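An overview of the molecular structure
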Amino acid sequence: MLYTWTEVKTTSDPRKHSWPKSRGSFCHFVLYKENKDTMEAINVLSKFLRVKPNLFSYMGTKDKRAITVQAIAVLKITAQRLSHLNKCLMNFKLGNFTYQKHPLKLGELQGNHFTVILRNITGTVEQVEQAMTSLRNIGFINYYGMQRFGTTAVPTYQVGRAILQNNWEEMIDLILKPRPGGMETLKIKSLH
């Protein structure tokens, strides 16, 4: 079959030619997800939409082991097409669609809000009340998960355990501990 240049261009990427000029190029929406980190969720969405993951933008990553809600933007995908995904995605919901001229950018977040649920607590009522008072008045350091430390030679559960045990010296040692190839690489580079 013979195609003209216009037909080939239109067939290869119909989104470029059917997007209204008066509409912002980015569809912003809220993503509700359970037990998936941000990149896993975007990869799932991109597969269902048959687009590349780099069309999506967001302001920060959310942890895997949680129920999270976050703002996402995607280039030239309609709200209607996105809302259809709600029928086939498990543990995901998309909503609050708006069209904007700009994508979201990492670091644009002005803050997070967390609801933490503690289960299987042991201790006396007095100990639990004292811990909850401390949590309410002082707060806690949020140093859990790969989002905070990445994958390193030190498993993050060890850092978390040290924090929970108020063993601050061990926590700092674990975080700052030399990694295989760390100092050797620096020494080699400094010699040249």
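Report on the accompanying structure.

Rules used throughout
Residues numbered from 1 in each chain as written. Predicted model: local features only at pLDDT ≥ 70, side-chain atom pairs only at ≥ 80, totals over all residues. Heavy atoms only, no water. Helix = DSSP H or I, 4+ residues; strand = E, 2+ residues; numbered from the N terminus. Expected span 1.5 Å × (residues − 1). Buried < 20%, exposed > 50% of the residue type's maximum accessible area, 1.4 Å probe, protein only. Arc of directions from axis to C-beta. Contact = heavy atoms within 4.5 Å. Polar contact = N/O pair within 3.5 Å; in protein donor to acceptor, adjacent residues only side chain to side chain. Pairing = 2+ DSSP bridges. Axes fitted to C-alpha atoms, helices over the stretch in contact; angles between N-to-C directions. Core = buried A, V, L, I, M, F, W, Y, C linked by side-chain atoms within 4.5 Å. Phe/Tyr/Trp six-rings, centres within 6.5 Å; stacked < 30°, edge-to-face > 60°. Lys NZ or Arg CZ within 6 Å of the ring centre and 35° of its normal.

In this section: helix 3 (residues 38–49). With 12 residues, helix 3 ought to run about 16 Å at 1.5 Å a step, and its terminal C-alpha atoms sit 16 Å apart, in line with that. For helix 3, every residue scored as buried is listed here: Thr38, Ala41, Ile42, Leu45, Ser46 and Leu49. What you see down the axis of helix 3 is that its buried residues fit within an arc of 135 degrees, all on one side. Buried positions along helix 3 lie against strand 1 (26–34), strand 2 (56–58), strand 3 (67–75), helix 4 (79–84) and strand 4 (92–100). Between a side-chain oxygen at the N-terminus of helix 3 and the backbone nitrogen of Met39 the separation is 3.2 Å; the capping residue is Asp37. Backbone geometry just downstream of helix 3 places Arg50 in the positive-phi region, at approximately 60 degrees.

A few words on the pairing of strand 3. Regular strands have side chains that alternate between both faces of the sheet. Note: strand 1 against strand 3, 9 bridges, orientation antiparallel. Of the residues in strand 3, the one forming a bridge with Lys33 is Thr68.

Another point: the sheet that holds strand 4. One open sheet holds the 4 strands; their spatial order is 2-3-1-4, and the pairing between them is antiparallel. Whereas interior strands pair on both sides, the edge strands pair on one side only; in this sheet they are strand 2 and strand 4. Here the strands of the sheet are splayed against their neighbours by 30 degrees on average, with no regard to which way each runs. Each of strand 1, strand 2, strand 3 and strand 4 is contacted by helix 3, which is oriented at about 155 degrees to strand 2, the strand it contacts most.

Take the nonpolar core next. Most often, soluble globular proteins have nonpolar side chains that are buried together. Counting residues in each nonpolar core, the largest one holds 20 residues, and the members touching the most others are Phe29, Phe56, Val74, Leu82 and Leu94. At the level of elements, strand 1, helix 3, strand 2, strand 3, helix 4 and strand 4 are the ones that each hand at least two residues to this core. Per-element tally for this core: the top contributor is helix 3, with 4 residues. If sequence neighbours within four positions are ignored, Val74 has contacts with Ser25, Phe26, Cys27, Phe29, Leu55, Phe56 and Leu82. In terms of nonpolar packing, the next biggest core, distinct from the first, is built from 6 residues, Val154, Val159, Met171 and Leu174 among them.

Moving on, we get to the packing of aromatic side chains. Describing an aromatic ring pair means giving the distance of the ring centres and the angle of the ring planes. Under the criterion given, the structure shown has 2 aromatic pairs. When the centroid spacing of 5.8 Å and the interplanar angle of 75 degrees are considered together, the rings of Trp19 and Tyr99 count as edge-to-face. Residue Trp19 is located in the loop between helix 2 (14–18) and strand 1, and its partner Tyr99 is located in strand 4; the two are separated by 80 residues in the primary sequence. In this structure Trp19 comes out as buried when scored by relative accessible area, which is 11%. The exposure class assigned to Tyr99 is partly exposed, which follows from its relative accessible area of 29%. Seen from the ring of Trp19, Arg23 lies directly overhead, with NZ or CZ sitting 4.8 Å from the centre. We note Arg23 situated over the ring of Tyr99; from NZ or CZ to the ring centre the distance is 4.4 Å.

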